[in-house]
Number of protein chains: 6
Amino acid sequence: MNRNVETFIGCDSAYEDAGIVLFGAPFDSTTSFRPGARFGSAAIRHESFGLETYSPYQDRDLADISVFDCGDLELCFGSAEAALKDIEEKAGEILQDGKMPFLVGGEHLVTLGAVRAVIEKYPDLHIIHFDAHADLRDDYLGAKLSHACVIRRCQELTGDGRIHQFCIRSGEKAEFEFAKAHTDMHKFSFEGLEDLTEKLAREQVPVYLTVDLDCLDPALFCGTGTPEAGGVSFTELLNAILTVSKLNIVGADVNELAPMLDASGASTAAACKIVREMLLALYQ
Amino acid sequence: MNRNVETFIGCDSAYEDAGIVLFGAPFDSTTSFRPGARFGSAAIRHESFGLETYSPYQDRDLADISVFDCGDLELCFGSAEAALKDIEEKAGEILQDGKMPFLVGGEHLVTLGAVRAVIEKYPDLHIIHFDAHADLRDDYLGAKLSHACVIRRCQELTGDGRIHQFCIRSGEKAEFEFAKAHTDMHKFSFEGLEDLTEKLAREQVPVYLTVDLDCLDPALFCGTGTPEAGGVSFTELLNAILTVSKLNIVGADVNELAPMLDASGASTAAACKIVREMLLALYQ
Amino acid sequence: MNRNVETFIGCDSAYEDAGIVLFGAPFDSTTSFRPGARFGSAAIRHESFGLETYSPYQDRDLADISVFDCGDLELCFGSAEAALKDIEEKAGEILQDGKMPFLVGGEHLVTLGAVRAVIEKYPDLHIIHFDAHADLRDDYLGAKLSHACVIRRCQELTGDGRIHQFCIRSGEKAEFEFAKAHTDMHKFSFEGLEDLTEKLAREQVPVYLTVDLDCLDPALFCGTGTPEAGGVSFTELLNAILTVSKLNIVGADVNELAPMLDASGASTAAACKIVREMLLALYQ
Amino acid sequence: MNRNVETFIGCDSAYEDAGIVLFGAPFDSTTSFRPGARFGSAAIRHESFGLETYSPYQDRDLADISVFDCGDLELCFGSAEAALKDIEEKAGEILQDGKMPFLVGGEHLVTLGAVRAVIEKYPDLHIIHFDAHADLRDDYLGAKLSHACVIRRCQELTGDGRIHQFCIRSGEKAEFEFAKAHTDMHKFSFEGLEDLTEKLAREQVPVYLTVDLDCLDPALFCGTGTPEAGGVSFTELLNAILTVSKLNIVGADVNELAPMLDASGASTAAACKIVREMLLALYQ
Amino acid sequence: MNRNVETFIGCDSAYEDAGIVLFGAPFDSTTSFRPGARFGSAAIRHESFGLETYSPYQDRDLADISVFDCGDLELCFGSAEAALKDIEEKAGEILQDGKMPFLVGGEHLVTLGAVRAVIEKYPDLHIIHFDAHADLRDDYLGAKLSHACVIRRCQELTGDGRIHQFCIRSGEKAEFEFAKAHTDMHKFSFEGLEDLTEKLAREQVPVYLTVDLDCLDPALFCGTGTPEAGGVSFTELLNAILTVSKLNIVGADVNELAPMLDASGASTAAACKIVREMLLALYQ
Amino acid sequence: MNRNVETFIGCDSAYEDAGIVLFGAPFDSTTSFRPGARFGSAAIRHESFGLETYSPYQDRDLADISVFDCGDLELCFGSAEAALKDIEEKAGEILQDGKMPFLVGGEHLVTLGAVRAVIEKYPDLHIIHFDAHADLRDDYLGAKLSHACVIRRCQELTGDGRIHQFCIRSGEKAEFEFAKAHTDMHKFSFEGLEDLTEKLAREQVPVYLTVDLDCLDPALFCGTGTPEAGGVSFTELLNAILTVSKLNIVGADVNELAPMLDASGASTAAACKIVREMLLALYQ
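Since the structure is predicted, the reported quantities are computational estimates derived from the model, not experimental observations.

### Some remarks on the state of the cysteines
Residues and elements named next belong to chain A.
Alright, step 1. In total, this model carries 0 disulfides over all chains according to the counting rule given.
Alright, step 2. We note that Cys-272 lacks a disulfide partner, and the nearest cysteine sulfur, in Cys-11, lies 11 Å from it.
Alright, step 3. The exposure class of Cys-272 is buried, given its relative accessible area of 1%.

Set out below in structure tokens:
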């Protein structure tokens, strides 16, 4: 008789064979408004069974690729630094084994842990960032490690011009000014993504993709801590993912689903579908 | 003093005068993910009182047409075959009286009961099918009578090329392959519907229209068991209904509202509006 | 130690300096379907702290304008006339002090209180009305003071041709007929708004803007008593607000958020954002 | 084919044979805190199908008694006086036909309509009142017709000493003082009910029973506008009903279920059970 | 790197060492009112992580006993007989290996599958049944295999006088009459349980314990399809479990948690606690 | 025109006159299971308007005592130490002004901030602790500052025998062992509280009262992160508060309401009532 193994649907490859390793970071201690993103990764795994493994968009099937799901990390609430260290370590281990880390949050701060590990291996890393929020504050109520500062911290690692932000529609005035000087910000939509992709593809640089699901319009995706009206549609996000899949993606994450906030389950179902499409598109 | 009669708003014609007979099939026993469609028909009837009888889209009023609402069937949970038999019988009775059966589900399997009755009277029946899901599995965990197999069972009745599917964006790989060989499937949208309508209108064939409300995007319609991001808008569905209303529609259904899953009531309100527009458009 | 002052975010100007005065009217006694709009103004104030004061759409910041928030009126439930009198009085006081009243409902009937005060000062007032519903009934179950009659009552004050309705997609047949004779109704969308704005700008007339948030599609905004599928998007509403901001707006309101109906908080967040954009756009 | 008749379970007697006539008053316009009681009567009727007609507590079955359910009145929101008049008229008609009116609210104010009709026929009426709240205010924000004043208005009809209040645990200080002078108030529990029943039984006076369901502890019954911790249990309320059933009950009501506030359905189920037990106990 | 194994908290023994084997039966196809019990077993497993492994009631710890959790069966919706066969098979396998099957539902019908396997091994089986409902119907709308008939079906296996029912407070009149003739029914409470336990202990008979969680009062446990006011408290149920633990319990189940119906999570938490206490009490 | 001041109902004394100062600590970063307690203090303040200022239990009125409500602290999420420092500072300021600090959480960890300030002034402090959970862990996943460790941290400040715990029904085995050696723990109920009160009253020691609302049974109070079945009733908690009010209470807190988890509002209403009764009982 077997133990009860739970994975994201279709992600039951042996570790050795896997090209992508999915892992969850159930952490949301720095969330300043509505918490609950800590339950995101478990909900995505659990509810993925309402999904098919086959994508009619890509005509590809999770059954035909090899992904390993190692479950959720056990992270310490109340200490952002300790949580980031654990995430970094896990991502590092996956990279060392020659596989792509695919992180499922949790709040957006968890990205920093993965980026630290990835940039260690790929110092010339670019980051593509889909989000409603700029996340470029220097600190939030005194804290440097906050979901509202995560891209600012990443920028300190990559340097100027290596972070490409899309769909941004919320932030302090100062964040938008910072972006003008230090990042490549595209407001409101994915305009410019195709051109950027062509350019980065030519340069053959390694790219990390971070998807804050609140880039989606709250119409479709209200299960998130800080919903911002005026976002992109599922089809737009899907197309953006397919676009960047032509790049050399060396790490990726999806974050900010707070499943309890959308009791209908539609936000979680949308997140599951985004994860499926990303896995299929990024698998090489 | 009168008993408490409840009907869909404006559907208070005498049976003899009615051109359309609305009836509910509160059944969802084969639903494999989130149940609750059993409460769909009662919710649509009950919440229709938040709606006007007049449609500014069609400039027509339910007060000007004759519809009879005979309420919900009392169906046996746990036996799909028994439930289908009761539905078939009721639809048959309505057809025999020269009226159009208008079935409100319930899960999508209930369509099979109505189609059995309609095809008995109209052996050259075509089916137009709006849905997120292909519903073309041969069986689901061994069961032949399942919501996931309903169009496959219908195809066995109509034969090849008589089933026209629109908006489909989910299914197993095998279902999409089956569709290539046996049905007329249009993925993701209503593309092709106008051409099809012209063709079927010329051929003057009888048509059954089955609307799985999850063809709508979950943004608008999250109150359904298996929400699939990437669906059509209300306006697109409305236009599709107006398009096919030029055909000889001999039976129709609306299904898969699970009202409890959308506590805001917006999904139920949308379903009520779709029912009103269908009644106004299909009434002849 | 200070008392606990709560305002809409960034609306902490001194009264003397304020150009706009925001006040709430927590009233929904005449709501005929789902009540709860009484909680709208408090929720908008309370949840505004999830919002930034800066608008990337307008590149303006609430920190740079002067708005005073005097909280919610204490209104009597069960007596529409008494509630309207209190609203009229407060709006009158604000107008007398040379400031713009900005009313947050509550149900749509509250508009009548503000309009009474504004038209007293500006007898040649025009009203621009964004709504899903015509609100042109003469009475509702015998009541003349009802949310379903509010624009009819306003029309009695302004006379013919002075009320400009947009996005209307629900009402009795008789309301649409009334509109043909007495108001300037634009069904379903904002089509015609640019032309109207140009014309009214040339005429330099004073304008009152009333925004029933249910003009938005329930996909984004399900937290309202009578959701009507087929509405406008956030971006469309935002653009409409920016368009009319070129006019001489002398009073405005936002109403019909029923926050409890959307447990995700997305409707309240959208309402907060609309209020921020209106304040920034209408401030002169 | 029959129309869709909906009644409280088992209440399908012919009007002529009925000893009790159940009718709903879906009104909550004066509710000052959380509205929703307007949906109480319809929910009780609709959800009663989850109940058995047989009571193991009384060993009696609704199938053995004759009750007629004439559905809900169509009441005007926004005018308490108009609503009360309609309720009084309906109750009067039932009384004239020699049957007992059994009113299902709605907010507690609806009781006043029924009591006006009953006291017209039985001028020596006593009222037994189960409630968390005293409901003895003279006015509420200026309104004399408010849920918070309903027993005060009844006291003006009956005079002193004829109103017997139980379970009361909330009110202004002034209400408790009024009670000392004018009503027979028993705080917190049903203590004293047996003695009172014996006394009233000896005197053979006609009695009206009004049950505000918020007398129940919110543990069991949170689906009400103003839940007050510290209430009685279901068993205590059931026993109280059985106790007073020995009296000459000439009218009764149940009110203040706000079904949307308890999404689990447990409050509505409890209300249905109380209605069943009251019908069985009061039927003579 | 390890796969993601999920078990009920503390149930991570090796299969060989285990004295109890926990397995889930996510089935609710015959539920006639509110479905959702299918999600019960997964929710109990998932939410058990909010629980401690130590019980201060028994001063015992799950860490000190050996339980194996083999996860949920994959059952066919829409066919009760197929589902029961799968459950019977799994329970039989566990019994054959000399371990106690501990089944977590699902709806109450799943008990029949386990009882069929247990009675095969222990033909002189007694059943102790805690429930709000008698579950003694001969059929439900024609179906013999229904949650409302499960104890009737069990009685056909055990014969008269071997089924001991407690807390029963709902059913048709005919069910209560059947009970008088064929089962040992104790209405409303656990009265009589201590005496019964002493008697059965003396007789050293094998006993199956089936706990329908709706025996609990809906105050504590509203997350169930058919809540029945007037139930027992957590402490009373706990004491009842401790009482019967002195018997030779050879199989047990817990069922009828429908987690989605109680969004607070309190019902699921209570169910987890009952499972922990049962495992600790029944482990020998 | 006045700014919008919001206080707990009836707590509108001038600061100088106040005997008690109420302040909120909206912090829940270390919550390990369901977060949301951060919204507790604002919800209690906001929803208190559904409450009367008069208590029939104590025959006292908030209008007759002087309490100042200074609102919520703005605390940094993600850093427990920073948050505790801010709470300690505010409590210290209140104590220095000769008033009693009355803290409303937030998660239970906030107590440590207040206790640090109180013990500074009263080194011989005793703590009376009502809670479902022992909160005596030495660390939680490595963190010393966690809701699960708060009483352990307090014990390090008071020393042995000065902490008196009641209603405890959950914890690790090691916590119960720690309690035997170092605290005065009373499991499951308030048994022993009267004796303790008499003893401490004789000794005239200063006492801090900390009420984790999850000591209440989840039947009444499900709006909390970790509901534990088997708790005390409202009446029992009220009586316990009245009992300890005879002591020299020098500081107090109420915590762990997570209002979003109980959408009915009943948990928040219960918390408001507990706060009212505590203010009335502890005011000297």
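### Regarding the sheet that holds strand E4 (residues 67–72) of chain D
Residue and element names in this part refer to chain D.
Alright, step 1. Read from one edge of the open sheet, 8 strands run E4-E1-E5-E10-E9-E6-E7-E8, paired in parallel fashion. The outermost strands of the open sheet, each flanked by one partner alone, are E4 and strand E8 (184–187). For this sheet the average axis-to-axis angle between neighbouring strands, irrespective of direction, equals 15°.
Alright, step 2. Bridge count for strand E1 (residues 20–25) against strand E5 (residues 100–105) is 6 bridges, and the pairing is parallel. Considered in E5, the bridge of Gly-24 is made with Val-104.
Alright, step 3. The sheet contacts of helix H2 (residues 80–96) involve E1, E4, E5 and strand E10 (248–255), and relative to E1 the element is tilted by about 175°.
Alright, step 4. The sheet contacts of helix H4 (residues 150–158) involve strand E6 (126–130) and strand E7 (163–168), and relative to E7 the element is tilted by about 160°.

### Description of the sheet that holds strand E5 (residues 100–105) of chain B
All names here are of chain B.
Alright, step 1. The sheet built from 8 strands is open, its strands ordered E4-E1-E5-E10-E9-E6-E7-E8 with parallel pairing. Each of the sheet's edge strands pairs with one partner strand only, and the pair in question is strand E4 (67–72) and strand E8 (184–187). Adjacent strand axes in the sheet meet at a mean angle of 15° when their direction is disregarded.
Alright, step 2. Sitting on the sheet, helix H2 (residues 80–96) is in contact with strand E1 (20–25), E4, E5 and strand E10 (248–255), with an inclination near 175° to E1.

### Digging into the relation of the copies chain F and chain A
Alright, step 1. For the pair chain F and chain A, the best superposition has an RMSD of 0.0 Å and corresponds to a rotation of 180° with a translation of 0.0 Å parallel to the axis. One copy is carried onto the other by what is essentially a two-fold rotation axis. Judged by C-alpha distance, Ser-29 of chain F is the residue of chain F that lies nearest the rotation axis, at 2.4 Å.
Alright, step 2. Comparing interface residues between copies, 100% of those in chain F also sit at the interface in chain A, which points to an isologous, same-surface contact.

### Here's the deal with the interface of chain F and chain A
Alright, step 1. Taken together, the 22 residues of chain F in the interface contact 22 residues of chain A.
Alright, step 2. At the boundary of chain F and chain A, one finds 0 salt bridges.
Alright, step 3. For the pair chain F and chain A, the interface holds 5 residue pairs in polar contact (both at pLDDT 80 or more).
Alright, step 4. Tallied by class, residues from the side of chain F that touches chain A come to 12 nonpolar, 6 polar and 4 charged.

### Some details on the packing of H2 of chain D against helix H3 (residues 110–121) of chain D
Residue and element names in this part refer to chain D.
Alright, step 1. Running from amino to carboxyl end, H2 crosses H3 at an angle of 40°, the nearest separation of the two axes being 7 Å. The angle between H2 and H3 places the two elements in the oblique class. Crossing angle aside, the handedness with which H2 passes H3 is right-handed. In this structure, H2 uses Glu-81, Leu-84, Ile-87, Glu-88, Ala-91, Gly-92 and Leu-95 to contact H3, whose residues at the interface are Val-110, Leu-112, Gly-113, Ala-114, Arg-116, Ala-117, Val-118 and Lys-121.
Alright, step 2. Its residues placed into classes, the contact of H2 with H3 shows 9 nonpolar, 2 polar and 4 charged.

### Description of the interface of chain A and chain B
Alright, step 1. Taken together, the contact pairs 21 residues of chain A with 22 residues of chain B.
Alright, step 2. Here chain A packs against chain B, burying approximately 1,700 Å² in sum over the two surfaces, 57% of which is carbon and sulfur.
Alright, step 3. Close ionic contact of Lys-173 of chain B with Asp-64 of chain A constitutes a salt bridge, the shortest N to O distance being 3.7 Å.
Alright, step 4. Our enumeration of links across chain A and chain B arrives at 4 residue pairs in polar contact (both at pLDDT 80 or more).
Alright, step 5. Secondary-structure elements contributing two or more residues to the side of chain A that touches chain B are helix H7 (234–244) and helix H8 (266–282) of chain A.
Alright, step 6. The element contributing the most residues to the side of chain A that touches chain B is H8 of chain A, with 4 residues.
Alright, step 7. Taken together, the residues of the side of chain A that touches chain B break down into 11 nonpolar, 4 polar and 6 charged.

### Side note on unusual backbone geometry
Alright, step 1. Note that the residue after Gly-105 of chain C, namely Gly-106 of chain C, is joined by a cis bond; omega there is 10°.
Alright, step 2. Here Gly-106 of chain C is to be found in the loop between strand E5 (100–105) and helix H3 (110–121).
Alright, step 3. At Asp-59 of chain A, a residue that is not glycine, the phi angle is positive and equals roughly 50°.
Alright, step 4. Position of Asp-59 of chain A among the secondary structure elements: in the loop between strand E2 (54–55) and strand E3 (60–61).

### Notes on the pattern of salt bridges
Alright, step 1. Following the criterion strictly, the structure yields 102 salt bridges over all chains and no others.
Alright, step 2. Put simply, Arg-153 of chain C and Asp-138 of chain C hold a salt bridge, and the shortest N to O gap is 2.9 Å. Taken together, the positions of Arg-153 of chain C in helix H4 (residues 150–158) and Asp-138 of chain C in the loop between strand E6 (126–130) and H4 put the pair 15 residues apart, joining distant regions of the chain.
Alright, step 3. Across the salt bridge formed by Arg-276 of chain F and Glu-277 of chain F, the nearest N and O atoms sit 3.0 Å from each other. In this structure, Arg-276 of chain F and Glu-277 of chain F share a single accessibility class: buried.
Alright, step 4. One salt-bridge network, held together by shared partners, links Asp-138, Lys-144, Arg-152, Arg-153 and Glu-156 of chain A.

### Section: the side chain of His-186 of chain D
Residues and elements named next belong to chain D.
Alright, step 1. Mapped onto the secondary structure, His-186 falls in strand E8.
Alright, step 2. Exposure remark for His-186: the relative accessible area of 17% places this residue in the buried category.
Alright, step 3. Polar contacts involving the side chain of His-186 include one to the main-chain carbonyl oxygen of Glu-191, which spans 2.9 Å.
Alright, step 4. In this structure, His-186 is in contact with Gln-165, Phe-166, Cys-167, Ile-168, Glu-191 and Gly-192, ignoring residues within four places of it in sequence.

### Some details on the relation of the copies chain A and chain B
Alright, step 1. The two copies are related by a screw motion: chain A maps onto chain B through a turn of 120° and a shift of 0.0 Å along the axis, at an RMSD of 0.0 Å. Here the transformation between the copies is reduced to the relation of a three-fold axis. Within chain A, the C-alpha atom positioned nearest to the axis of rotation is that of Ala-219 of chain A, 2.8 Å from it.
Alright, step 2. In this assembly the copies use different faces: only 5% of the residues contributing to the interface of chain A also contribute to that of chain B.

### Focus: the packing of aromatic side chains
Alright, step 1. One pass over the full model with this rule turns up 48 aromatic pairs over all chains.
Alright, step 2. Consider the rings of Phe-188 of chain A and Tyr-57 of chain C, whose centres lie 4.8 Å apart with planes at 10°: the pair is stacked. Here Phe-188 of chain A, found in the loop between strand E8 (184–187) and helix H6 (193–203), pairs with Tyr-57 of chain C, found in the loop between strand E2 (54–55) and strand E3 (60–61), and the two come from separate chains.
Alright, step 3. Residue Phe-188 of chain A is classed as partly exposed on the basis of its relative accessible area of 28%.
Alright, step 4. The class of Tyr-57 of chain C is partly exposed, set by a relative accessible area of 21%.
Alright, step 5. An aromatic cluster of three or more residues is present, and its members are Tyr-57 and Phe-234 of chain A together with Phe-188 of chain B.
Alright, step 6. Between the NZ or CZ atom of Arg-152 of chain D and the centre of the ring of Phe-178 of chain D, over which it lies, the distance is 3.9 Å.

### Examining the environment of Glu-175 of chain B
Alright, step 1. If you trace the backbone, Glu-175 of chain B turns up in helix H5 (residues 173–182).
Alright, step 2. Glu-175 of chain B sits 40 residues away from Cys-215 of chain B along the chain, and the two C-alpha atoms are 17 Å apart.
Alright, step 3. Setting aside its immediate chain neighbours within four residues, Glu-175 of chain B contacts Glu-52 of chain A together with Ala-134, Asp-135, Leu-136, Arg-137 and Ala-148 of chain B.
Alright, step 4. A distance of 3.3 Å separates the side chain of Glu-175 of chain B from the backbone nitrogen of Asp-135 of chain B, its partner in a polar contact.

About the thresholds
- The residue numbering used here restarts from 1 in each chain and proceeds along that chain's sequence as written.
- Naming scheme: in the order in which they are written, chains are lettered from A and ligands are numbered from 1.
- In keeping with the model being predicted, local features are shown solely for residues with a pLDDT of at least 70 and side-chain atom pairs are shown and tallied solely at 80 or more, while totals for entire chains, interfaces and linings include all residues.
- In computing side-chain properties, one takes all heavy atoms of the structure into account and sets aside hydrogens as well as water.
- The term disulfide is used for any two cysteine sulfur atoms that are within 2.5 Å.
- Accessible area is worked out with a 1.4 Å probe on protein chains only. A residue is then buried under 20% of its type maximum, exposed over 50%, and partly exposed in between.
- Whether two strands pair comes down to DSSP finding at least two bridges between them.
- Each helix is a run of H or I in the DSSP string that is no shorter than four residues. Each strand is a run of E no shorter than two, and both are numbered from the N terminus.
- Lines fitted to C-alpha atoms define the axes, with helix axes restricted to the stretch in contact, and inter-axis angles between N-to-C directions lie between 0 and 180 degrees.
- The contact criterion used is simple: two residues touch if any of their non-hydrogen atoms lie within 4.5 Å.
- Only residues with pLDDT of at least 70 in both copies contribute their C-alpha atoms to the least-squares superposition of the copies.
- The salt bridge criterion pairs a side-chain nitrogen of Lys or Arg with a carboxyl oxygen of Asp or Glu, the two atoms within 4 Å.
- Distance and chemistry together define a polar contact, namely a pair of N or O atoms within 3.5 Å, with one atom able to donate a hydrogen and the other to accept it when in protein, and with adjacent residues in sequence counting only for side-chain atoms on both sides.
- Any residue outside Ala, Val, Leu, Ile, Met, Phe, Trp, Tyr, Cys, Pro, Asp, Glu, Lys and Arg is labelled polar, Gly included; the first ten of those are nonpolar and the last four are charged.
- Working rule for angles: under 35 degrees goes down as roughly parallel, over 145 as roughly antiparallel, 65 to 115 as roughly perpendicular, anything else as oblique.
- Whether a crossing is left-handed or right-handed is set by the direction in which the near helix is turned from the far one by less than a right angle, anticlockwise for left-handed and clockwise for right-handed.
- Here the quantity called buried area is the accessible surface, traced with a 1.4 Å probe, that two parts lose on coming together, added over both.
- Pairing of aromatic side chains requires ring centres within 6.5 Å, counting the rings of Phe and Tyr and the six-membered ring of Trp. Pairs whose planes differ by under 30 degrees are stacked, by over 60 edge-to-face, and all others tilted.
- Whether a charge sits over a ring depends on NZ of Lys or CZ of Arg being within 6 Å of the ring centre and within 35 degrees of the ring normal.

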